[in-house]
Amino acid sequence: MGNSYAGQLKTTRFEEVLHNSIEASLRSNNLVPRPVFSQLYLEAEQQLSSLEAGSRADNEEEEEEEEEEEGSESSSPPVSYQVKPPPEGCCTTDGFCQAGKDLRLVSISNEHIEVPSGFLLVGAKSPNLPDHLLVCAVDKRFLPDDNGRNALLGFSGNCVGCGKKGFCYFTEFSNHINLKLTTQPKKQKHLKYYLVRNAQGALTKGSVICWKGTEFRGRQSSTSTCSSTLFQLPESSGLSGSTSSEPLPPANPSAPAGTQQTAAAVDHTPSTAAFSSAVYNGKESPKKQLMKNNLSALTRPSVLGTLTNSGPPKKRHKGWSPESPSSTETWNLQLNPQASNRIKNDGGSLSSLPHSALVGPASSPMVGSGEPVSVPDNLLKICKAKPVIFKGHGNFPYLCGNINDVIVSPLLYTCYRNSQSLSRAYEQYGASTIQPISEEMQLLLTVYYLVQLAADQVPLIEDLEQIFMRSWRESHLSEIRQYQQAVPQAFPQVPSQITPVTSAQLPWLAGLAASSCNDSVHIIECSYSLAEGLSEMFKLLIEGKLMKTNYVVIICASRNRAIDSCIVITGKYQARVLSESMLSPSDYQKEVNYQLVTGKVETLGSFFSTLCPEGDIDLLLEKFYQENQAHISSSLSASVNKPTAVNGAGTAVCTSYEIERHQIRPFQLAVAQKLLSHICSIADSSTQNLDLGSFEKIDFLICVPPSEVTYQQTLFHLWHSGILLELGLEKEHLTKQRVEQYVMKLDAEAQIKFQIFLQNSVQNPHTLFVLIHDHAHWDLMSAMHSLYPQTELSTGLVDRLLNCREVKEAPNIVTLHVTSFPYALQTQHTHISPYNEIHWPSSYSNGVDLYHENKKYFGLSEFIESTLSGHSIPLLRYDSSFEAMVMALGKRFPRLHSAVIRTFVLIQHYSAAMMAVCGLSQMKNYTSVETLEITQNLINSSRQCPSGHGLMVVLRIPCIPLAAVAYERLYNVRERLALEDNFEIILGNPNSGITIGKHFVEQLKIWQKIEDVDWRPQTYLDLEGLPCILIFSGMDPQGESLPRSLRYCDLRLINSSSLVRTSLEQELGLAAYFVSSEIHTEKAVVNDVLESDPEKLSSTDNEDEEIPTEGSTSEKRSPMKRERSRSHDSASSSLSSKASTFCTESSPPQALGNSTEETTNNYERQKQKVDKGAQTTISKHLPPVTEQLDMKQNIKSTQVSITSSSSPPFSSSSSSSAPTHNSFILQTSQCSMTKASKQPPIVFLPKLVYDIVTSTDSSGLPKSSSLLPYHSVMWASSFRPLMSKMMTCTEQSLYYRQWTVPKPIHMDYNNRNEGRMDTFHPRRLLLSGPPQIGKTGAYLQFLSILSRMLIRLTEVDVYDEEEININIKEESDQYYHQPGDMWPDLESFKKMPFDYTIHDPKYEDASLICSKLQTINSEERSMSRRQEDMYTCRQTTRMRLSKYAAYNTYHHCEQCHQYMGFNPRYQIYESTLHAFAFSYSMLGEEIQLHFIIPKSKEHHFVFSQPGRQLESMRLPLVTDKSEDYIKSPTFTPTTGRHEHGLFNLYHAMDGASHLHVLVVKEYEMAIYKKYWPNHIMLVLPSIFNSAGVGAAHFLIKELSYHNLELERNRQEELGIKPQDIWPFIVISDDSCVMWNAVEVDCSGDRKSDYTWTERNVSLKQILQHIEATPNVTHYALIGMRKWSSKTNSAEIKEPFSCCHVHDFLMLNVDLTQNVQYNQNRFTCDDVDFNLRVHSAGLLICRFNHFNVMKKQIAVGGQRSFHIKSKVSDTPVSISPAQYICAPDSKHTFLAAPAQLLLEKYLQYHSHRFFPLSLKNYSHPVLSVDCYLNLGPQIAVCYVSSRPHSLNISSSGLTFSGLLLYLCDSFVVASFLKKFHFLKGATLCVICQDRNSLRQTVVRLELEDEWQFRLRDEFQTANAKEDRPLFFLTGRHI
């Protein structure tokens, strides 16, 4: 029938097979021929174990070929199947039937296909079309049911292409559809999928057809009796295969607990950790890694079903191609002489467990081949362990029989496979010719590795990967030298072979390597298949011949095919660790729960009771309780309660207890500033992802894991930091309820609080919300994977909340992840940019202490360092006797999980130790020295302190049910021993708060001076000083901090079988701690022994984390342990506590151990002497200790000897090593808490973990650092460089970002964008730092300084100066207006005298302008002036920006984006350049200006129709009235302030339409255009590039008048009168930032009574108010006051003044037509212009109720003019005295405008020209037609020579000098002769050249009254081409 054979031998003779095989190999491109013998076996069907059934789940495409035909996994070609030649003329095209009809699914998926009743459409696979399915119709009776059964033999099918029906043989049908098979056609091989119609009606691939004997996802194949549950993966979950429900992130997704057979179920998952770190460099990687075909409900039974097997198994031709893409390569890897020296003692480090959850990569072949191997019955019972079989190379046989007693894992296969793709990682460097490592070499290196493992070590996949990589690198050193990242480490020696290892040599070399290891590695060589080797191995196991063997390596190698291999772990310890490592955390908990619930642990309890010769421990306890109840309770209460009473009475009180104040340390401040600088850099980047300028305040939410203690701890930090008050989020009288709004526990209720947070962020766009994700590595589960029924509610919550679209898109939310273990957030798919990572700084750089801290941090590296020789007694230790007991019990109870055994042993140890300390000395033999030390110090600690302070012992039990058992047991023992008032036992459960006894609550309240009746401790930090055992449960620590009184951190029960770096480091992080830096930890054994009993401080900051752990069981000492500990314990068990324990048992170097042992014994002897002699002394000086000793002696007189020798060491930490009685006494008297604060805690670890942590590679990097970083990520490649100890945090981050990828269960899994770099979220930061170092304080400080910075961003420094020369102002009782008048009355105003005096404080160093009315007191004048100082600091005040402020280019907000032209939603603003020319007679030429007009502003202008020439700027009418329109165009001259000038008037104008023109110099046009693309620019002609502000004002005014004329002409044609056109323009400085209005309230009883208030208003309001002034066109200039905080009522009593106006003014260009600004001026041009306007009889009005604030801008403006030498570029300071020189002299010429040199010279040195005028204010200098600043000590009197001008009456005034500056024709001799001068008065005439100087002297007849000398002629220090100005000075005759 083509699909089944009865089992007879094929009739083909052997020779034929051989011949066919050779022939096929010649035709094939594969080099290795197919094994001949495998072809001689008949194939019979066999049901596959359930493990295999899940194995390939999603790799159909890839593995089907591997499994079946020529792609089949053995690299040799199959024997050609003899196909009947097709009929002549028929179609033979692949994918078409012989009738030529297309059968490909992609082609006919949408066609209607008639399917007869009872038939189904299925998809067939053709070997020639791997990517296509061929559609067939098959009778469903011949297809299997859901269980893979009940398919009729035979076949019945139709061709859907041509419609031909009735095919009865699959062979015939396969010919018709052109499958072109080279092997026997079988329906099971080629009919793969059911085809179904999707919602759109298209035909698509459905589920896999579940043939009996092949693995499929759809079924739970097992009738197994198994203790664990079956899990199902939801379809398309993409879960990386591991356990179906990965509820706890900390866990490692792992192979099923007892996965028998091949961990097929897990095979397809991208591997997790050690034993499978797989990365796919190959092309097929996305397919495998991403599991592109969804897993459909893969079931992962943890135990295989019983195989029912009728008849001989069917052999399947199944092989394994080492790496399909490169299977054709000939591998010829040179074996480097050193390449296999793996044996070098990386030993210690190599020991460690596989990464449990590692499952194999998607493509590992899990299907068995060859004859089945039967697993013997009672294997577990006989061997005491389940062997773990690691598949290696090639085919793996089926297992049948008792498969529950073996575990099959694909991890090694994965490792081999990934190591074969090594070369791809280097292709980018051009090293494509490098060959991968050969299979033979891989296997040989594996043997070398196993040989050098110690008996208590477990193989670790990472080690093997590194070995392969080093070997490969060594062999290709020359090609890759330039790409090498680290020097390869020395390798173990390999037999130096020049040629590659061949398969024939392999078994011999492997045997040779294993010959030296005393049978720990056993090599089995087999000829035909692995099946025979496995059978032999099982036989040896049953016979007990492998008792000493830990590893069996089975090799099947022959020269004509690839090798097959597997490795069986038979060592009981190794097999247990490896099998347990395959459990996920949830499976681990379930297994432990199951064992507790079903009572399987009772056998353990009964075993313990048989150990104790004195009888059951409970009976002993009961007996002890009855005998000593009365006595113990009284003496204990005396020793514990008495101190409390003493305190009350005011006697002995412990002084060492002080609550630490919360203060920011230098480190925390530095980190907060780093965070702030990162925020600023995000804001400053061009991406505009964060607009800090738009935020006014800060709000925040802190997310913490769902641990009640962590939550309360964070609330406590927040409360005491004062941050809520500082940010203004809360007022005084903060309540706890208010604080709780800012901290969110990530539990079921988090959603509500988070929604409120999101709503607030939407409603408050001007608040920056900081979302702080503390302990950020805690739950990184993808939200898509949190839907499993088994998972906890909170799983995936972080992803659901923090990664939601609202958070990602909100422009005002910044997310800060804070963690000690950032590795899982540093993958190839991370959301966090590497530039947004902030790492805690190191305290030292090049030996320099960067931040002076008064405390030293003890973290992981310091703990590891303490284990090195030459340091103090190690802080990390392991308990060898405990480990020995556990190992012995593990062999006795192979079915119990080691966590259960460990927990029960440890409980037993603690119980026995407590009994021993209480006087039952015989129990000392049933505990360990370490546990006895801990217990003794704990119980004695409170007796050493007058107040009863004691130590904390943390007992870490991750499994919550085991923790509950431990708590119950220890609690019971404590009660029986009457120790309930001595120390507390606390069960720390992450889901609940802290519960402690009332007695201890009262003690804590007294110590902490708490008066609240209802107070209860809520955090572990509240337990400071409380003697207690804290049983810390929960699979992971969640950030809980421990108090300073922590002395021992007992981690002996952590889950050491499935470790990842994060898990390990967070467990050790529990002990991280700050020690006062003045106190150095002891460097000698002696000192350390001293303090073994007092306590240890623990971390004060807030973050810690941990990992899953295992339990232990109450136990007796194993003989080995008993023997060892007696040497230290029997004489004085307690004394040796620290020293003996650690030096003898834990110190890895044996030498150290021995020497320490001697030392310890010496101290014991000393100690005993001291004890005897010191007892009386102690009792005199230390009452509490004496009580303790007395009590113990009274308990049982027989135990006096024990008590005297053992209790002092623990009651006084120093006693055991104290050299003298005195020091012993002193030490004893110390409170144990004081001692605790001086040293970090002592940490006890499982031996396995201790070995990992303390072993280092050659660079000194701890082995733990190279473990897989996190359980939900995997290595991107086995071929990765090694990490180095020298790596900084940043380099580590980049390493993980390159070499790790998230698994599908990780929340970052889907964050990738086809290789683009925009996957980083712009507003997401990551802060990482060691546990407990103070990250909470740092980020709270960050919030504080960020808030301050935002306030600073919304503040500006504005000038705040009082008006000057107030005392010179005319004091008049006459007021022309009422204080409340809104506008000036024109007639009244005309009567107001003009105030010539300058009051603007910026002119404090300017010359006073005199009028005859003023009487100046020269002393006052000189006192009020500052000394001349070029760079005087002007007084400023910081002001908060109002909503009506003007802004610079750094301001971005949604409202003004369009105004600014930066909004990406709008097109880039186009601008056009327009020339605008007009003639001006004074310049004697036509002026050509250029306008740059953006398209959006063209409506303000008029253009000629045909040519679009600019004609004029539109002007409104005087009569126009509009609320939303400003009539006056605003001109702002500016230079050097393209970034800082305040040109954004959008908010100042309150959104009103206005015309704003920037007046810029030609050379600055481009830069201003870049920063202000939507502003109109008026570009000055290039001749004004070096001109001052006078030129800009001059051109603005002239242009505006010219435009007024044009508009009058244009609008006259429309019937509008010329006088109706609006004549005003606004000229504003570029530093005007805000405007204020004074509101006067005149509602008082008397007319003169009024009150006033000042408020910030919009510029729109002010301008509209002024524009509405009655008769406004009669005023020439209108201005306002400069703001000052010192404004007084007198200044605003008169609402309007007739005086100088500055900075911001409205100019009537019509009235001032004939008054020009001086275009040459640089300084004081506004004063000069004001004087000329007034002298022309025009009105200048200042509105005193309005004022303008001017911002201090440090760049641009007048500062942009630098006076330097013209000849040299070197900046030399030039004093103002050098600005002029004699004509024709060799003076150094200066590169500066002549006018600037003149003005500066006169400002500082005018006394040289006017000596009589110096401080002579009653005789000013007469200045004609201009005002020049002659310095503050000279007064000037301004007169105008124009006819009809208003001048002061000069009669009676005698002048001390005359200044004639560029006189025009209006100045005549007769005009000058009106004025009177002092004798000796001086004259200064200034002209453009020497010629006009002479002409002026003649024309004005100056020689009549003035005497000139030749040497009195000067010029500015300019070269001739720079047109210097010339001076002539003379004296009055």
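Cut-off values and rules
- Residues numbered from 1 in each chain as written.
- Predicted model: local features only at pLDDT ≥ 70, side-chain atom pairs only at ≥ 80, totals over all residues.
- Heavy atoms only, no water.
- Helix = DSSP H or I, 4+ residues; strand = E, 2+ residues; numbered from the N terminus.
- Buried < 20%, exposed > 50% of the residue type's maximum accessible area, 1.4 Å probe, protein only.
- Contact = heavy atoms within 4.5 Å.
- Areas by Shrake-Rupley, 256 points an atom, 1.4 Å probe, with all protein chains shown as cover.
- Patch = residues over 30% accessible without salt bridge, like charges linked within 9 Å, V, L, I, M, F, W, Y side chains within 5 Å.
- Salt bridge = Lys/Arg side-chain N within 4 Å of Asp/Glu carboxyl O.
- Lys, Arg positive; Asp, Glu negative; His and termini not counted.
- Charge placed at Lys NZ, Arg CZ, Asp CG, Glu CD.
- Pairing = 2+ DSSP bridges.
- Phe/Tyr/Trp six-rings, centres within 6.5 Å; stacked < 30°, edge-to-face > 60°.
- Core = buried A, V, L, I, M, F, W, Y, C linked by side-chain atoms within 4.5 Å.
- Axes fitted to C-alpha atoms, helices over the stretch in contact; angles between N-to-C directions.
- Parallel < 35°, antiparallel > 145°, perpendicular 65-115°, else oblique.
- Left-handed = near helix turned anticlockwise from the far one by under 90°.
- Right-handed = clockwise from strand over helix to strand, strands pointing away.
- Disulfide = S-S within 2.5 Å.
- Expected span 1.5 Å × (residues − 1).
- pLDDT = per-residue confidence, 0-100.
- Polar contact = N/O pair within 3.5 Å; in protein donor to acceptor, adjacent residues only side chain to side chain.

**Examining the overall build of the protein**
Phase 1 of the analysis: Secondary structure summary: the protein contains 57 helices and 58 strands in total.
Phase 2 of the analysis: Within the protein, the fraction of its 1933 residues that count as buried is 63%.
Phase 3 of the analysis: Put simply, 78% of the contacts in the protein that link residues at least 6 apart link residues at least 24 apart.
Phase 4 of the analysis: Total accessible area on the protein stands at roughly 71,900 Å², and carbon and sulfur atoms take up 52% of it.

**A short note on the environment of Val814**
Phase 1 of the analysis: Turning to its location among the elements, Val814 is positioned in strand 18 (residues 813-819).
Phase 2 of the analysis: Sequence spacing of Val814 and Leu690 is 124 residues, and the spatial spacing of their C-alpha atoms is 8.7 Å.
Phase 3 of the analysis: Excluding its chain neighbours within four sequence positions, the residues that come into contact with Val814 are Ile679, Leu690, Leu768, Phe769, Val770, Leu771, Arg1323 and Leu1325.

**Details of a positive patch on the surface**
Phase 1 of the analysis: A contiguous patch of positive charge, built from Lys381, Lys384, Lys600, Arg892 and Arg895, is present on the exposed surface.
Phase 2 of the analysis: Of note, Arg895 is situated in the loop between helix 30 (880-892) and helix 31 (898-917).

**Brief notes about the pattern of salt bridges**
Phase 1 of the analysis: Applying the stated criterion across every chain yields a total of 57 salt bridges.
Phase 2 of the analysis: Put simply, Arg877 and Glu933 hold a salt bridge, and the shortest N to O gap is 3.9 Å. Of this pair, Arg877 sits in strand 23 (residues 876-878) while Glu933 is found in helix 32 (residues 929-941), placing the two residues 56 residues apart along the sequence. By the burial criterion, Arg877 is buried, and Glu933 matches it.
Phase 3 of the analysis: Note that Lys1766 is salt-bridged to Asp1922, the shortest N-O span being 2.5 Å. Of this pair, Lys1766 sits in the loop between strand 50 (1764-1765) and strand 51 (1780-1781) while Asp1922 sits in the loop between strand 57 (1906-1916) and strand 58 (1926-1932), placing them 156 residues apart in sequence.
Phase 4 of the analysis: Linked through salt bridges whose partners overlap, the residues forming this network are Asp1400, Lys1402, Asp1629, Lys1682, Asp1703 and Lys1750.

**Re the sheet that holds strand 54 (residues 1835-1839)**
Phase 1 of the analysis: Taken together, the 8 strands give an open sheet; going across it, the order is 34-54-53-55-56-58-57-51, and neighbouring strands pair in mixed fashion. Looking at which strands have only one partner, the edges of the open sheet turn out to be strand 34 (1408-1409) and strand 51.

**Side note on the packing of aromatic side chains**
Phase 1 of the analysis: Applying the stated rule across the entire model yields 41 aromatic pairs.
Phase 2 of the analysis: Centre to centre, the rings of Trp1275 and Tyr1295 are 6.4 Å apart; their planes meet at 75°, and the pair counts as edge-to-face. Of this pair, Trp1275 sits in strand 30 (residues 1273-1275) while Tyr1295 sits in helix 45 (residues 1289-1299), placing them 20 residues apart in sequence. Here the two residues Trp1275 and Tyr1295 agree in accessibility, since each one is buried.
Phase 3 of the analysis: The interplanar angle of 50° and the centroid separation of 6.0 Å between the aromatic rings of Phe1855 and Phe1877 together place this pair among those described as tilted.

**So, helix 45**
Phase 1 of the analysis: Regarding helix 45, the residues found buried are Gln1292, Ser1293, Tyr1295, Tyr1296, Arg1297 and Trp1299.
Phase 2 of the analysis: Buried residues in helix 45 make contact with strand 19 (837-839), helix 35 (1061-1068), strand 30 and strand 31 (1300-1302).

**Structural notes on the environment of Glu1539**
Phase 1 of the analysis: On the secondary structure map, Glu1539 appears in the loop between strand 40 (1530-1533) and strand 41 (1556-1560).
Phase 2 of the analysis: The exposure class assigned to Glu1539 is partly exposed, which follows from its relative accessible area of 22%.
Phase 3 of the analysis: Linking Glu1539 and Ile1567, residues 28 residues apart in sequence, is a C-alpha distance of 9.2 Å.
Phase 4 of the analysis: Setting aside its immediate chain neighbours within four residues, Glu1539 contacts Asn1448, Thr1449, Tyr1450 and Tyr1571.

**A word on the nonpolar core**
Phase 1 of the analysis: One finds Phe1491, Trp1635 and Leu1902 to be the most contacted residues of the largest nonpolar core, which totals 169 residues.
Phase 2 of the analysis: Among the elements that make up this core, the one with the highest residue count is helix 51 (residues 1589-1612) (8 residues).
Phase 3 of the analysis: In contact with Trp1635, other than residues within four places in its own chain, are Tyr1444, Ala1446, Ala1548, Arg1655, Asn1656, Val1657, Leu1659, Ile1662, Met1680, Phe1704, Asn1747 and Val1748.
Phase 4 of the analysis: In terms of nonpolar packing, the next biggest core, distinct from the first, is built from 149 residues, Leu411, Leu1070, Leu1248 and Tyr1250 among them.

**Structural notes on the packing of helix 31 against helix 33 (residues 960-976)**
The description of two helices packed together rests on the angle between their axes and the distance between the axes.
Phase 1 of the analysis: Close contact between helix 31 and helix 33 brings their axes to 10 Å; oriented N to C, the two are set at 15°. Between helix 31 and helix 33, the angle falls in the class roughly parallel. The two elements helix 31 and helix 33 cross, and the hand of that crossing is right-handed. Judged by residue contacts, Ala899, Val900, Thr903, Phe904, Ile907, Tyr910, Ser911 and Met914 of helix 31 engage Leu962, Val965, Ala966, Arg969, Leu970, Val973 and Arg974 from helix 33.

**As for the sheet that holds strand 26 (residues 1028-1032)**
Phase 1 of the analysis: Read from one edge to the other, the open sheet built from 6 strands follows the order 23-29-27-24-26-25, with strand pairing classed as parallel. Sheet topology places strand 23 and strand 25 (984-988) at the edges, where each strand pairs with a single neighbour. Neighbour to neighbour, the strand axes of the sheet diverge by 20° on average, direction disregarded.
Phase 2 of the analysis: Sheet topology note: the strand 23/strand 29 (residues 1242-1245) ladder contains 3 bridges and is parallel. Within the sheet, the bridge partner assigned to Leu876 lies in strand 29 and is Val1243.
Phase 3 of the analysis: Along the sheet, helix 32 contacts strand 23, strand 24 (952-956), strand 26, strand 27 (1046-1050) and strand 29; its crossing angle with strand 27, the most-contacted strand, is approximately 150°.
Phase 4 of the analysis: Each of strand 23 and strand 29 touches helix 44 (residues 1247-1254); the most contacted strand, strand 23, lies at about 145° to it.

**Thoughts on the environment of Trp211**
Phase 1 of the analysis: For Trp211, the location among the structural elements is in the loop between strand 5 (203-208) and strand 6 (231-232).
Phase 2 of the analysis: Trp211 gets classed as buried once you look at its relative accessible area, which sits at 3%.
Phase 3 of the analysis: Taking the C-alpha atoms as reference, Trp211 lies 7.8 Å from Leu143; in sequence the two are 68 residues apart.

**Side note on the pairing of strand 42 (residues 1576-1579)**
Phase 1 of the analysis: Alternating positions in strand 42 separate into two faces, Ile1576 and Leu1578 on one and Met1577 and Val1579 on the other, with burial throughout.
Phase 2 of the analysis: Pairing geometry for strand 37 (residues 1485-1494) and strand 42, over 3 bridges, is antiparallel. Residue pairing for strand 42: His1490 is matched across the bridge by Val1579.
Phase 3 of the analysis: With respect to chirality, the unit in which strand 41 leads through helix 50 (residues 1565-1571) into the neighbouring parallel strand 42 is right-handed.

**Quick look at the state of the cysteines**
Phase 1 of the analysis: Under the counting rule described, the total for this entry stands at 0 disulfides.
Phase 2 of the analysis: There is no disulfide at Cys1698, and the cysteine sulfur nearest it, in Cys1699, is 7.1 Å away.

**Examining the packing of helix 23 (residues 708-721) against helix 46 (residues 1335-1353)**
Phase 1 of the analysis: Orientation of helix 23 relative to helix 46, taken along the N-to-C sense of each, is 45°, at an axis distance of 11 Å. Between helix 23 and helix 46, the crossing angle belongs to the class labelled oblique. Here helix 23 runs over helix 46; the crossing is right-handed. Judged by residue contacts, Thr714, His717, Leu718 and Ser721 of helix 23 engage Thr1336, Tyr1339 and Leu1340 from helix 46.

**Brief notes about unusual backbone geometry**
When glycine is set aside, most residues are seen to have a negative phi, and most peptide bonds are trans.
Phase 1 of the analysis: With a phi close to 60°, Asn518 is a non-glycine residue in the positive phi region.
Phase 2 of the analysis: With respect to the secondary-structure elements, Asn518 resides in the loop between helix 16 (505-514) and strand 12 (521-526).
Phase 3 of the analysis: By relative accessible area, which is 59% here, Asn518 ends up exposed.
Phase 4 of the analysis: In this model, Lys1009 sits at a positive phi of 55°, which is unusual for a non-glycine residue.
Phase 5 of the analysis: Along the chain, Lys1009 falls in the loop between helix 34 (998-1007) and strand 26.

**Some words on helix 23**
Phase 1 of the analysis: With 14 residues, helix 23 should cover 20 Å at 1.5 Å per step; its first-to-last C-alpha distance of 20 Å lies within 8% of that length.
Phase 2 of the analysis: Taken residue by residue, helix 23 has Glu708, Val709, Thr710, Tyr711, Gln712, Gln713, Thr714, Leu715, His717 and Leu718 as its buried positions.
Phase 3 of the analysis: In this structure, the buried residues of helix 23 make contact with strand 15 (697-704), helix 24 (723-726), helix 25 (736-740), strand 16 (743-745), helix 26 (750-763) and helix 46.
Phase 4 of the analysis: Looking one or two places after helix 23, you find Gly722, whose phi comes out positive at around 75°.

**Concerning the confidence of the model for the protein**
Phase 1 of the analysis: Per-residue confidence for the protein gives a mean pLDDT of 77; residues scoring 70 or more make up 72%.
Phase 2 of the analysis: Every residue in residues 28-80 is under pLDDT 50, and counting partners more than four places away or in other chains gives 238 contacts.
Phase 3 of the analysis: Segment residues 787-792 is flagged for pLDDT under 50; beyond a separation of four residues in sequence, or across chains, it makes 18 contacts in the model.

**Things to note about the side chain of His1700**
Phase 1 of the analysis: Position of His1700 relative to the elements: it lies in the loop between strand 47 (1696-1697) and strand 48 (1704-1708).
Phase 2 of the analysis: A residue is classified by how much of its surface remains accessible, and His1700, at 4% relative accessible area, is buried.
Phase 3 of the analysis: At 2.8 Å, the side chain of His1700 and the backbone oxygen of Tyr1396 are in polar contact.
Phase 4 of the analysis: Reaching out from His1700, the side chain makes a polar contact with the side chain of Asn1730 at a distance of 3.3 Å.
Phase 5 of the analysis: Once you skip the residues sitting within four places of it in the chain, His1700 turns out to touch Phe1394, Asp1395, Tyr1396, Thr1397, Ile1398, Ile1409, Val1727, Asn1730, Leu1731 and Arg1742.

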